[in-house]
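If you want the building blocks of each chain, they are given just below.
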Amino acid sequence: MDLSGFRDPVIARGLIEAIDTTAAKLGRPVKIMEVCGTHTVAIAKNGLRAVMPENVTLLSGPGCPVCVTANEDIDIAIELARQPGVIVTSFGDMMKVPGSYSSLAKEKADGRDVRIVYSPLDALALAEREPDRQVVFVAVGFETTVPLIAAAILRAQAAGIENFSIFSAHKTVPKALAALADDPDVQIDAFILPGHVSTIIGSEPYRFLAEQFGTPGVITGFEPVDVLQGVYMLLKQLEEGRAEIEIGYHRGVMPEGNPTAKALVEQVFEPIDADWRGIGVIPGTGLGIRPEFDHYNAIKRIPVSPPPPKEIKGCQCGEVLRGITLPFQCKLFGKGCTPEHPIGPCMVSSEGSCAAYYRFTDYGRS
Amino acid sequence: MCLAIPARVVTIEEGRMASVDIMGVTRKVSLDLTPEATEGDFVLVHAGFALQIVDEQYANETLEILRSIPDFAEDEGIALEGA
Amino acid sequence: MRADRILLAHGSGGTLMKELIDDVFVQEFEEDALKRLDDAASLPFPGSRVAMSTDSYVVHPVFFPGGDIGRLAICGTVNDVATSGATPLYISVGFVLEEGFPIADLRRILESMRDACREAGVHIVTGDTKVVEKGHGDGIFINTAGVGVLAEGVDLSGSNVRPGDKVLLSGTLGDHGIAIISTREGLEFSTSIETDAAPLNRLIANVLAAAPDARCFRDPTRGGLASTLNEIAEASGVSITVEETSVPVKDQVRGASEMLGYDVFQVANEGKMVAIVPAKQAEAALAAMKTSPYGEAAAIIGEAAESAPGKVYVHTSFGATRIMDMLVGEQLPRIC
């Protein structure tokens, strides 16, 4: 399969011209928000902001699941790492994110057994190899990743693996979008909807954006042409006065999503409230492990009580995550908060808005 | 949260796993989410799992439409440089 | 030599240590200077300017696809000395061995070092070894220092680059880093990518002969091409722009990088060289690089400019420009 067309500069140029034309016809300023860290990076890495017409602003929303993990959850992961006999496994993304007092990377430096894995199945395999240790997997991520964790739990159960458990800090996207659309401080005209989250959940869950809020959304892929296509389709909707949920990323997303994956999630997880760092509690946006799988729930198996969480003073991540403040408008950006010495999660995470701006654009550099 | 890349299914292995090829690199991934995948299919791989089969027809259709965008713009009376 | 593992006693300066030195180090290295076993080597030196470099090697695992810590240790220091334009001549080696390290593994590593020295045309003339208790050492650490002779008039430096200069790269990017990561627990994937560790002193000499006004050479090791170019851009007060489509990258390296979320510009290389030369000498320099077995895939990948001093840009395959950022800390595989 030849997918190189999705990086083709000639196709890209055609789309940019079409975007210019449509934006000109629209005439008014529009704010388009993406809510997926991978889009944040794709836009920054491909220099797409620079080719947008004057009246189109691309904003980054709370799409970095690492950035929106509550301090308290990171503190719990750290407390788990401090328990004797526990190996904490994690995706690389989480290692450097600061909790209230420490980070997984710092704990590792202090001698705790914290290991990076690429897949929850690697953590499961580790549990099989180390029967005398408790292997905990720190599960962070949106709907793209949740089915994998559900599958890992079911595999553990089927294989009778007793020393494997999951600490779930998962979150879901659609209700968070509702909170953003409902927030008077946040004024978004259209959403670039996450590609791979939608691979799992399909397009239905976003319908309310169009029907309730009159806000168009386009499910978009991650190659530069995909992103431009998404922007073009959104501008077309705005220009024609439509508000629909469209799939731009046809090759990767079906309207019904992935029913097998959805069933796995339904079997293992149930919706709970979740605390989004910098935003607050958004009801029903978390996923808790169902009681019948308590056995694989790390905080049930290894109860811990970390010290009370505390927030960082001066950090404006909350406003950045909601698109109210642009990264370089944060008082700490580049001065006190840099990728080398990050203060907030937006700068630490490799796909946080601030890190993306700092790394790929001239904004952060004097 | 969305880093997933297309990979070609090379062989189906036991235990609902498959060996996939990403530009010459091979890895074992789980087919728990895509039990219907067979050899030769392209799948999106995320953290050791296949999320979905990539629809080649849709991919080609999309590219065709995108390639013709400059023509649409021309219809609307806008001249494109280098088109 | 009867022991099959390193014992603490091997480091204590007594007869067991002598056995280790005679039967393992001196035997494997096959160097006349070492057979004399003096504390210092006194050596002929064909010139008056010395170039000297040192580096320590702590890579883990010590054996990886296509190479080992020994080959790295020799090639790394040979290359560092050669980037100054000097002809590398002599190497010193220092070992810190962990109690329990298998002697058979040590021999393999020493053979590797011997072979690399022969290929580069350098000699190990002095060495040292210490042993630390089990748990305090990670198997083996190696330090190498190298000296070379620098001809009169050769002045290569990362601060010499001027606007208009061309940036050359001797071959494919990212091979070493991907080879290493493919062995790491929890990230295993199958690849035929091997380390590119290689001595590049002859390649450098050829390029210098073809492009006598070359500004600098540097090997993009830790931190990859991004670190190297950022350091040079800052030192010289120029900006550098790299043409993404002209950077040679093997398909498998691209595939592995995409899978893990790595930026291939930040992945380590051990047998590649960046050379920056005046535009008029770029084609000659490129041709000279290609004559070396390690420079077959060489390419001109970018250019220095006056504006935006200290910044490094990538002109992407898609046609936009973005910053080539330097690595902060470790590069970690990601899912986001």
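Some words on the overall build of chain C
Next, step 1: The helix and strand inventory of chain C stands at 9 helices and 13 strands.
Next, step 2: Over its C-alpha trace chain C gives a radius of gyration of 21 Å, about what one expects of a compact globule, namely 20 Å for 336 residues.
Next, step 3: Each principal axis of the C-alpha distribution contributes one length, and for chain C these read about 65 × 55 × 30 Å.
Next, step 4: Each of the 336 residues in chain C was classed as buried or not, and the buried ones make up 52%.

As for the overall build of chain B
Next, step 1: Each helix and strand counted, chain B has 2 helices and 5 strands in total.
Next, step 2: Reading chain B from its N end, one meets helices and strands in the order β-β-β-β-β-α-α.
Next, step 3: Among the 83 residues that make up chain B, the fraction classed as buried is 46%.
Next, step 4: For chain B, long-range pairs separated by at least 24 residues make up 27% of all intrachain contacts whose partners lie at least 6 apart in sequence.

Regarding the sheet that holds strand S2 (residues 56-60) of chain A
Through backbone hydrogen bonds, the strands of a sheet pair up, either in parallel or in antiparallel fashion.
All names here are of chain A.
Next, step 1: An order of S2-S1-S7-S8-S9 is seen for the 5 strands of this open sheet, with the pairing classed as parallel. Since the sheet does not close on itself, it has two edges, and those belong to S2 and strand S9 (245-247), each with one partner. The sheet shows a mean angle of 20° between the axes of neighbouring strands, direction not considered.
Next, step 2: Note that strand S7 (residues 190-193) and strand S8 (residues 217-219) share 3 bridges and pair parallel. Across the sheet, the residue bridging to Ile192 is Val218, located in S8.
Next, step 3: Seen against the sheet, helix H2 (residues 37-45) touches strand S1 (30-34), S2 and S7 and runs at an angle of roughly 120° to S1.

A closer look at the packing of H2(A) against helix H15 (residues 353-360) of chain A
Between two packed helices, the angle of one axis relative to the other and the distance separating the axes together describe the packing.
Residue and element names in this part refer to chain A.
Next, step 1: At their nearest, the axes of H2 and H15 sit 9 Å apart, and the two run at 15° to each other. If you check the angle between H2 and H15, you find them roughly parallel. The two elements H2 and H15 cross, and the hand of that crossing is right-handed. Two secondary-structure elements touch here, H2 through Thr40, Val41, Ala44 and Lys45 and H15 through Ser353, Ala356, Tyr357 and Phe360.
Next, step 2: Of the residues assigned to the contact of H2 with H15, the class counts are 5 nonpolar, 2 polar and 1 charged.

With respect to the nonpolar core
Next, step 1: Counting 262 residues, the largest nonpolar core has A:Leu15, B:Val43, B:Ala50, C:Leu168 and C:Ala285 as its most contacted members.
Next, step 2: When residues in this core are grouped by element, the largest group, 9 residues, is from helix H10 (residues 224-239) of chain A.
Next, step 3: Among all residues touching A:Leu15, those that are not within four sequence positions of it are A:Val225, A:Leu228, A:Gln229, A:Tyr232, B:Leu66 and B:Ile69.

Re the interface of chain A and chain C
Next, step 1: Listed by partner, the interface residues are 36 residues for chain A and 19 residues for chain C.
Next, step 2: Of all the elements in the fold, those that place two or more residues in the side of chain A that touches chain C are helix H1 (9-26), H2, strand S4 (114-116) and H15 of chain A.
Next, step 3: Looking at which element gives the most residues to the side of chain A that touches chain C, the answer is H2(A), with 4 residues.
Next, step 4: The residue inventory of the side of chain A that touches chain C, partitioned by class, reads 17 nonpolar, 9 polar and 10 charged.

Here we look at the environment of C:Asp165
Next, step 1: Following the sequence through the fold, C:Asp165 ends up in the loop between strand S6 (140-150) and strand S7 (166-169).
Next, step 2: Sequence-distant contacts of C:Asp165, defined by excluding residues within four places in its chain, comprise C:Arg215, C:Ile276, C:Val277, C:Pro278, C:Ala279 and C:Ala304.

Focus: the domain arrangement of chain C
Residues and elements named next belong to chain C.
Next, step 1: According to the domain assignment, chain C consists of domain 1 (8-150) and domain 2 (166-323).
Next, step 2: Once you take the C-alpha centre of each, domain 1 and domain 2 turn out to be 27 Å apart.
Next, step 3: Of all the secondary structure elements, the ones that give two or more residues to the side of domain 1 that touches domain 2 are helix H3 (69-82) and helix H4 (103-120).
Next, step 4: The dominant element in the side of domain 1 that touches domain 2, judged by the number of residues it contributes, is H3, at 7 residues.
Next, step 5: Here the side of domain 1 that touches domain 2 is composed, by residue class, of 10 nonpolar, 6 polar and 2 charged.

Some points on unusual backbone geometry
Next, step 1: Put simply, C:His60 and C:Pro61 share a cis peptide bond, and its omega is 5°.
Next, step 2: One can find C:Pro61 in the loop between strand S1 (49-57) and strand S2 (63-64).
Next, step 3: The backbone of B:Met23 sits at a positive phi, close to 50°, despite the residue not being glycine.
Next, step 4: Within the secondary structure layout, B:Met23 lies in the loop between strand S2 (17-22) and strand S3 (25-30).
Next, step 5: For B:Met23, a count of 19 C-beta atoms within 10 Å corresponds to the partly exposed category.
Next, step 6: Despite not being glycine, C:Glu30 shows a phi value in the positive range, around 55°.
Next, step 7: Tracing the backbone shows C:Glu30 in the loop between helix H1 (15-29) and helix H2 (32-35).

Focus on helix H5 (residues 120-129) of chain A
Next, step 1: Judged by how many residues are buried, H5(A) sits mostly within the fold: 7 of 10 residues are covered.
Next, step 2: Where H5(A) is concerned, the buried positions are A:Pro120, A:Leu121, A:Asp122, A:Ala123, A:Leu124, A:Leu126 and A:Ala127.
Next, step 3: Residues of H5(A) that are buried make contact with strand S3 (86-90), strand S5 (134-139), helix H6 (146-159) and strand S6 (164-168) of chain A together with S3 of chain B.

Side note on the interface of chain A and chain B
A common way to express how large an interface is: the accessible area buried when the components associate.
Next, step 1: Of the residues lining the interface, 41 residues belong to chain A; the matching set on chain B comes to 33 residues.
Next, step 2: Sorting the residues of the side of chain A that touches chain B by element identifies H1, H2, H5, H6, helix H8 (195-201), H10 and helix H11 (259-268) of chain A as the ones contributing at least two each.
Next, step 3: Here the side of chain A that touches chain B gets 6 residues from one element, more than from any other, and that element is H1(A).
Next, step 4: Looking at the side of chain A that touches chain B residue by residue, the classes come out as 21 nonpolar, 17 polar and 3 charged.

Re the pairing of strand S10 (residues 274-277) of chain C
Residue and element names in this part refer to chain C.
Next, step 1: Of the two faces of S10, both are covered, the one formed by Val274 and Ile276 as well as the one formed by Ala275 and Val277.
Next, step 2: Across 4 bridges, the pairing between S7 and S10 is antiparallel. Opposite Leu168, over in S10, you have Ala275 as the bridge partner.
Next, step 3: With 3 bridges connecting them, strand S8 (residues 216-218) and S10 associate as antiparallel partners. Note on S10: the bridge partner recorded for Cys216 is Ile276.

Here's the deal with the sheet that holds S5(A)
Residue and element names in this part refer to chain A.
Next, step 1: Read across the open sheet, the 4 strands follow the order S4-S3-S5-S6; overall the sheet is parallel. The sheet terminates laterally at S4 and S6, the two strands that pair on one side only. Strand-to-strand twist across the sheet, computed as the mean angle between neighbouring axes with direction ignored, equals 30°.
Next, step 2: Across the face of the sheet, helix H3 (residues 71-81) comes into contact with S3, S4, S5 and S6 while running at roughly 140° to S3.

Remarks on the packing of H3(C) against H4(C)
All names here are of chain C.
Next, step 1: Interhelical geometry of H3 versus H4 gives an angle of 30° and a closest axis separation of 7 Å. Overall, the two elements H3 and H4 adopt an arrangement that is roughly parallel. At the point where H3 passes H4, the crossing takes the right-handed sense. Each of Ile69, Gly70, Arg71, Ala73, Ile74, Cys75 and Val78 in H3 lies in contact with H4, whose residues at this interface are Ile109, Leu110, Ser112, Met113, Ala116, Cys117 and Ala120.
Next, step 2: Classifying every residue of the contact of H3 with H4 by side-chain character gives 11 nonpolar, 2 polar and 1 charged.

Focus: the confidence of the model for chain B
Next, step 1: Looking at chain B as a whole, its pLDDT mean stands at 85, while 83% of the residues score no less than 70.
Next, step 2: Taken together, the stretch residues 76-83 of chain B has pLDDT below 50 and engages in 8 contacts with residues farther than four places along the chain or on a different chain.

Calculation criteria
- Residue positions are given per chain, counted from 1 along the sequence in the order it is written.
- Starting at A for chains and at 1 for ligands, labels are handed out in the order in which the entities are written.
- Local features in this predicted model are restricted to residues of pLDDT 70 or higher, and side-chain atom pairs are both shown and tallied only at a pLDDT of 80 or more, whereas totals for entire chains, interfaces and linings draw on every residue.
- Secondary structure counts use DSSP, requiring at least four H or I residues in a row for a helix and at least two E residues in a row for a strand, with both numbered from the N terminus.
- Restricting the calculation to C-alpha atoms gives the radius of gyration, and the globule rule supplies 2.2 Å times the number of residues raised to the power 0.38.
- Here a residue counts as buried when 20 or more other C-beta atoms fall within 10 Å of its C-beta, as exposed when 12 or fewer do, and as partly exposed in between; the C-beta atoms come from the backbone.
- Residue pairs qualify as contacts under a 7 Å threshold applied to their C-beta atoms, which are placed from the backbone.
- Whether two strands pair comes down to DSSP finding at least two bridges between them.
- Only the stretch in contact is used when a helix axis is fitted, and all axes are lines through C-alpha atoms; the angle between N-to-C directions ranges over 0 to 180 degrees.
- Any angle between 65 and 115 degrees counts as roughly perpendicular, while under 35 counts as roughly parallel, over 145 as roughly antiparallel, and the rest as oblique.
- Put simply, a crossing is left-handed when the front helix is turned counterclockwise from the back one by less than a right angle, and right-handed when it is turned clockwise.
- Under the scheme applied, nonpolar residues are Ala, Val, Leu, Ile, Met, Phe, Trp, Tyr, Cys and Pro; charged residues are Asp, Glu, Lys and Arg; polar residues are all the others, including Gly.
- Joining buried Ala, Val, Leu, Ile, Met, Phe, Trp, Tyr and Cys residues through C-beta atoms within 7 Å gives a set, and that set is a nonpolar core.
- Just so you know, the domain bounds were taken from an automatic or database domain assignment.
- One number per residue, pLDDT, summarises how confident the predictor is, and it ranges from 0 to 100.

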